[in-house]
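One letter stands for each residue in the lines below.
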Amino acid sequence: LANGAWPWELPATSGLAPEIEEQIKANGWSFAMPAQFHLVPFAPDKDFPGVFAIASDSGRIEVRYGQLPMPADSNSAYSRGLFTGILFNLSATPSPESADFPELTSRIEFNAEEGRIGVFPIKPSEGWKAAMLIQLHRQGSSDALILALFNEVDAVHLEWQAAFHSLRFATPVGLPR
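Described in the following lines is the structure provided in the data block.

1. Observations concerning helix α3 (residues 103-110)
Here α3 has its buried residues at Ser106, Arg107, Glu109 and Phe110. Looking at the buried residues of α3, the elements they touch are β6 (114-121), β7 (130-137), α4 (157-164) and β9 (167-169). Phi for Asn111, located one or two positions after α3, is positive at around 55 degrees.

Now the structure itself:
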């Protein structure tokens, strides 16, 4: 690692409007605009509870960030159920697949207690061919959602990695016991 820095460490500024920064802070998250990305207009809809969106300067990928408010007594099963509902609403296939992140990955890379991912063909109404949905969960906070939209997964791998690590919970959680 160059200079002891992780490749996903965040710079000090986000590049977002103050009202979006306030919402991010209220959720206990941190965000930094990845290099070669810019803010794009986005309106939340019934299928994705979005807060804001960015796109790569190449135009090959758009990334939407959203939140799932969690009740104080919510648990992992409740969080997973909401993720699955969003996944099925967005997917063009009747049975999209998803997987959990390893607990250590969730904690170290995202300051989350758990995370999950789904990769699927997206409904044509979105204007893209494929999507990747990430959910980051932490007890007592709104869940963070990251939805990447693209046409060719191999063409956007590096751009996706930059956007993927641009949002996380602001404070660390303990390592697994």
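Further notes follow.
2. Some thoughts on the side chain of Glu109
Here Glu109 shows up in helix α3. The side chain of Glu109 sits in the buried core without any salt bridge; Arg168 is the nearest counter-charge, 7.5 Å away. Looking at Glu109, its side chain comes within polar contact range of the side chain of His165, at 2.6 Å.

3. Topic: the environment of Leu90
Mapped onto the elements of the fold, Leu90 is located in helix α2 (residues 76-90). Taking the C-alpha atoms as reference, Leu90 lies 8.6 Å from Pro121; in sequence the two are 31 residues apart. Sequence-distant contacts of Leu90, defined by excluding residues within four places in its chain, comprise Asp47, Phe48, Phe120, Pro121, Ile122, Lys123 and Leu147.

4. Details of the pairing of strand β8 (residues 143-150)
With eight of its eight residues buried, β8 lies for the most part within the structure. The two faces of β8 match: Asp143, Leu145, Leu147 and Leu149 on one face and Ala144, Ile146, Ala148 and Phe150 on the other face are all buried. Sheet topology places strand β4 (residues 61-68) next to β8; eight bridges connect them, and they run antiparallel. If you follow Arg64 over to β8, its bridge partner there is Leu147. One ladder, built from seven bridges, connects β7 with β8; its direction is antiparallel. Each bridged residue has a counterpart across the sheet, and for Met132 the counterpart in β8 is Ala148. Linking β7 back to β8 in an antiparallel pair, the connection comprises five residues, with Gly140 at a positive phi of about 85 degrees.

5. Examining the environment of Phe48
With respect to the secondary-structure elements, Phe48 resides in the loop between β2 (37-40) and β3 (50-56). With sequence-adjacent residues up to four places away left out, Phe48 is seen in contact with Phe42, Arg64, Tyr65, Gly66, Ile86, Leu90, Leu133, Leu145 and Leu147.

6. A word on the packing of aromatic side chains
Each aromatic ring pair is specified by the distance between its two centres and by the angle formed by the two planes. Applying the stated criterion to the full structure yields eight aromatic pairs. Between the aromatic rings of Phe52 and Tyr65, the centroid separation amounts to 4.7 Å while the plane-to-plane angle is 15 degrees, which identifies the pairing as stacked. Residue Phe52 is found in strand β3, and its partner Tyr65 is found in strand β4; the two are separated by 13 residues along the sequence. Phe52 gets classed as buried once you look at its relative accessible area, which sits at 3%. Pairing Phe101 with Phe110 gives two aromatic rings, centres 5.9 Å apart and planes at 10 degrees, and the pair type is stacked.

7. Quick notes on the nonpolar core
By size, the foremost hydrophobic cluster in this structure holds 30 residues, and its most contacted members are Phe31, Phe52, Ile54, Val63, Tyr65 and Leu136. Secondary-structure elements contributing two or more residues to this core are α1 (18-26), β1 (29-31), β3, β4, β7, β8, α4 and β9. Once residues lying within four places of it in the same chain are set aside, the contact partners of Leu136 are Phe101, Phe110, Ala112, Glu114, Gly115, Asp143, Ala144, Ile146, Leu167 and Phe169. If you look at the next biggest cluster of nonpolar residues, it comprises 19 residues, including Val40, Ala53, Leu87 and Leu149.

8. Quick word on unusual backbone geometry
A positive phi angle, near 65 degrees, is found at Gln36, a position not held by glycine. The backbone of Asn111 shows a phi angle near 55 degrees, a positive value even though the residue is not glycine. Summarising the element assignment, Asn111 is placed in the loop between α3 and β6.

What counts, and at which threshold
- Residues numbered from 1 in each chain as written.
- Predicted model: local features only at pLDDT ≥ 70, side-chain atom pairs only at ≥ 80, totals over all residues.
- Heavy atoms only, no water.
- Buried < 20%, exposed > 50% of the residue type's maximum accessible area, 1.4 Å probe, protein only.
- Helix = DSSP H or I, 4+ residues; strand = E, 2+ residues; numbered from the N terminus.
- Contact = heavy atoms within 4.5 Å.
- Lys, Arg positive; Asp, Glu negative; His and termini not counted.
- Salt bridge = Lys/Arg side-chain N within 4 Å of Asp/Glu carboxyl O.
- Polar contact = N/O pair within 3.5 Å; in protein donor to acceptor, adjacent residues only side chain to side chain.
- Pairing = 2+ DSSP bridges.
- Phe/Tyr/Trp six-rings, centres within 6.5 Å; stacked < 30°, edge-to-face > 60°.
- Core = buried A, V, L, I, M, F, W, Y, C linked by side-chain atoms within 4.5 Å.

Function cannot be inferred from these measures alone, as they are strictly geometric.
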